[in-house]
Amino acid sequence: MHVSRQLRLEVERRELAAGTPITIRVRDSQGRPIENALVDTETKSARTDSRGLCQLRFDSPGFWKLTAAKAPTDRVAYNPVSTLVRVVPNEASLRPRRRIGTR
């Protein structure tokens, strides 16, 4: 008998500065952490630990789509889930640059 469960994807914040790590949590519809789920973007991926946690870091500003999926087991099929995070330029890149030798 197969049971189908919806995955839930939780991020600590939806907007972050470029270069800042983001912690991601994957749980099932009953709130249980999902181990070994794949959290994927077009260019990066990470697997969750036994607590359902993983980290990713985005160096480029923009909107990034995160998708969490897990392969089915003998008894449970998992429905994937997606969310968006926004990466903004970090403060260092926003500071005006001063030319060398000028005041």
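Residues numbered from 1 in each chain as written. Predicted model: local features only at pLDDT ≥ 70, side-chain atom pairs only at ≥ 80, totals over all residues. Heavy atoms only, no water.

Novice: Explain the nonpolar core to me, please; I cannot follow it from the model alone.
Specialist: Taken as a class, soluble globular proteins show a tendency for nonpolar side chains to be buried jointly. Of all hydrophobic cores here, the largest spans 23 residues; its most connected members are Ile22, Ile24, Val26, Leu56, Phe58, Leu66 and Val85. Contributing elements (two or more residues each) for this core: β1 (3-11), β3 (21-28), β6 (53-57), β7 (62-69), β8 (76-79) and β9 (81-88). (Core = buried A, V, L, I, M, F, W, Y, C linked by side-chain atoms within 4.5 Å. Buried < 20%, exposed > 50% of the residue type's maximum accessible area, 1.4 Å probe, protein only. Helix = DSSP H or I, 4+ residues; strand = E, 2+ residues; numbered from the N terminus.)

Novice: What am I meant to see in the sheet that holds β9 here?
Specialist: Whenever strands of a sheet pair, they do so through backbone hydrogen bonds, lying parallel or antiparallel. Ordered in space as β2-β9-β7-β4-β5, the five strands form an open sheet in which the pairing is mixed. Edge positions in the sheet fall to β2 (15-17) and β5 (45-47), since each has one partner strand and no second. On average, each strand axis in the sheet is tilted by 25 degrees relative to the strand beside it, whichever way the strands run. As paired strands, strand β4 (residues 38-40) and β7 are joined by three bridges and run antiparallel to one another. Considered in β7, the bridge of leucine 38 is made with alanine 69. (Pairing = 2+ DSSP bridges. Axes fitted to C-alpha atoms, helices over the stretch in contact; angles between N-to-C directions.)

Novice: Help me understand the pairing of β7, please; the structure alone is not making it clear to me.
Specialist: In summary, the side chains of a regular strand alternate between the two faces of the sheet. The pairing of β7 with β9 spans seven bridges and is classified as antiparallel. If you follow phenylalanine 63 over to β9, its bridge partner there is arginine 86.

Novice: I keep staring at the pattern of salt bridges and nothing clicks. Help me out?
Specialist: As a working rule, side chains carrying opposite charge can pair if their charged atoms are close by. The full count for this structure, using the stated rule, is nine salt bridges. When the shortest N-O distance is used, the salt bridge between glutamate 10 and arginine 25 registers 3.9 Å. You can see glutamate 10 sitting in strand β1 and its partner arginine 25 sitting in strand β3, a full 15 residues away along the chain. With a relative accessible area of 27%, glutamate 10 lands in the partly exposed category. Since its relative accessible area comes to 27%, arginine 25 is described here as partly exposed. Residues participating in the shared-partner salt-bridge network are Arg8, Glu10, Arg25 and Arg27. (Salt bridge = Lys/Arg side-chain N within 4 Å of Asp/Glu carboxyl O.)

The values are spatial; any link to function lies outside them.
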